[in-house]
Structures are given as structure tokens and as C-alpha cells.
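Residue strings, one per chain:
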Amino acid sequence: MRYFIIAFLLVAIAPVSAEPPKDMPKRKPGLWEIKMSTAGGEVLSQHCIDEKTDDLMQQRAQGMGNPECSKNSVRRDGSKVIAESECKLSGTTVATKAVFSGDFTSNYRGNIDVAYTPPLMGREKSHSTINAKWLGACQPGQKPGDVIMPGMPGGGKFNMEEMMKKIPKQ
């Protein structure tokens with residue numbers, strides 16, 4: 001479950017997964033509310049970020065991927081950021097296309113489509129939507145990297161940066 005949460009958070013907070021072009025948008029520091037919707041339901045979380053933690057999450061997201069990727073690209077297309085990858089996972093080719101848009105200072109939206117060939121655990125395709133909005137300054141007592149996921153074990157409160165230090169780098 002911990003790795004699922006981390007994977008969700010990396011997708012939600014790091015809208016690029018390869019070496020981003022220098023003109024990639026930066027999220028505004030502060031408290032972000034992120035809603036990820038899938039066929040299985042919705043997950044709502046709040047993330048306190050600053051420039052340093054946001055950069056670290058993007059860098060770590062790059063290292064979280066499967067080293068067996070034949071494609072891993074990020075590009076801008078007008079106001080959109082498009083990330084595509086093709087990787088091997090347990091004998092399955094996982095092709096991902098994510099399209100993000102928004103101003104990244106007050107909101108952004110992402111559509112993520114994944115195809116599994118052959119199917120992985122019975123799944124051929126998946127689609128997720130991310131809607132993120134900036135709420136303002138982080139709450140008193142919060143520090144950059146703090147995440148709140150209501151309904152999760154332990155009250156759903158943890159620090160993403162500290163949690164990621166416990167995961168071996170690929």
C-alpha cells in the first residue's frame with residue numbers, strides 16, 4: 001500500500017517523468033489540493049510544497065521508473081506538457097501518455113492513459129484524471145513535503161521527502 005501511495009503522489013505532484021525542458025512550468029509554493037480520479041474512485045490529498053521539495057519530487061520521480069524503458073520523453077505543445085513512456089514491467093509493455101495543462105500557479109489538470117501489452121493482472125488499459133488547485137500558504141505547523149490523505153492509515157499524514165528516503169534508489 002505504501003508504494004501505491006508513493007506512486008500516486010509522484011504522478012500527482014510531478015507532472016513530468018523524464019528530463020524536463022528548461023521552460024517547464026513550476027508549481028507555486030504553498031498548499032495544493034490534488035484529486036486523482038480513476039475507474040475505482042477518487043483519492044483526495046493536500047501537499048505542502050516549496051521549490052526545493054517540488055524539484056526533489058520531480059528528480060526522484062525520474063529515478064522511480066523501471067530501468068527497462070525504451071521511451072521516456074517530455075515536451076511542451078503550446079500550453080500543454082506531454083509526457084510519454086514505454087517500459088517493461090513483469091513481461092508487460094506499459095505505454096503511458098500524460099497530458100497536463102493549466103497555469104501551475106493556481107491550478108493544473110492531467111489526463112493519464114496507460115496501455116498494458118499483454119494485460120497486466122487482467123488490466124489492458126487505465127485512465128486517470130488529476131485536478132490540482134492551489135489553496136494558499138501551507139497550514140501552521142506544516143513543512144514542505146507534508147502530505148495529508150484523509151482516510152488513510154495513521155491519519156493519512158506523512159512527509160513525502162522523509163518517506164522517499166526509505167525507498168532504495170533504482
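Residues numbered from 1 in each chain as written. Predicted model: local features only at pLDDT ≥ 70, side-chain atom pairs only at ≥ 80, totals over all residues. Heavy atoms only, no water.

## Describing the side chain of Thr93
- By the element assignment, Thr93 lies in strand S5 (residues 92-102).
- Of note is the side chain of Thr93, whose polar atom sits 2.9 Å from the side chain of Lys88.
- Not counting chain neighbours up to four residues away, the residues in contact with Thr93 comprise Glu86, Cys87, Lys88, Ala115, Tyr116 and Thr117. (Helix = DSSP H or I, 4+ residues; strand = E, 2+ residues; numbered from the N terminus. Polar contact = N/O pair within 3.5 Å; in protein donor to acceptor, adjacent residues only side chain to side chain. Contact = heavy atoms within 4.5 Å.)

## Things to note about the state of the cysteines
- Within this structure, the stated rule accounts for 1 disulfide.
- Between the sulfur atoms of Cys48 and its disulfide partner Cys138 the distance amounts to 2.1 Å. Taking the torsion about the S-S bond as the criterion, the Cys48 to Cys138 disulfide, at about 105°, is right-handed. Here Cys138 lies in the loop between strand S7 (123-136) and strand S8 (146-148) and Cys48 lies in strand S2 (residues 41-49), a separation of 90 residues in the sequence.
- Take Cys48: its relative accessible area is 2%, and that puts it in the buried class. (Disulfide = S-S within 2.5 Å. Buried < 20%, exposed > 50% of the residue type's maximum accessible area, 1.4 Å probe, protein only.)

## Quick notes on the nonpolar core
- Of all hydrophobic cores here, the largest spans 18 residues; its most connected members are Trp32, Ile34, Phe100, Tyr108, Ile112 and Ile130.
- Where this core is concerned, the elements lending two or more residues are strand S1 (30-38), strand S4 (80-89), S5, strand S6 (107-120) and S7.
- With 5 residues, the top contributor of residues to this core is S6.
- Of all hydrophobic cores here, the second largest spans 6 residues; its members include Val147, Met149, Met152 and Met160. (Core = buried A, V, L, I, M, F, W, Y, C linked by side-chain atoms within 4.5 Å.)

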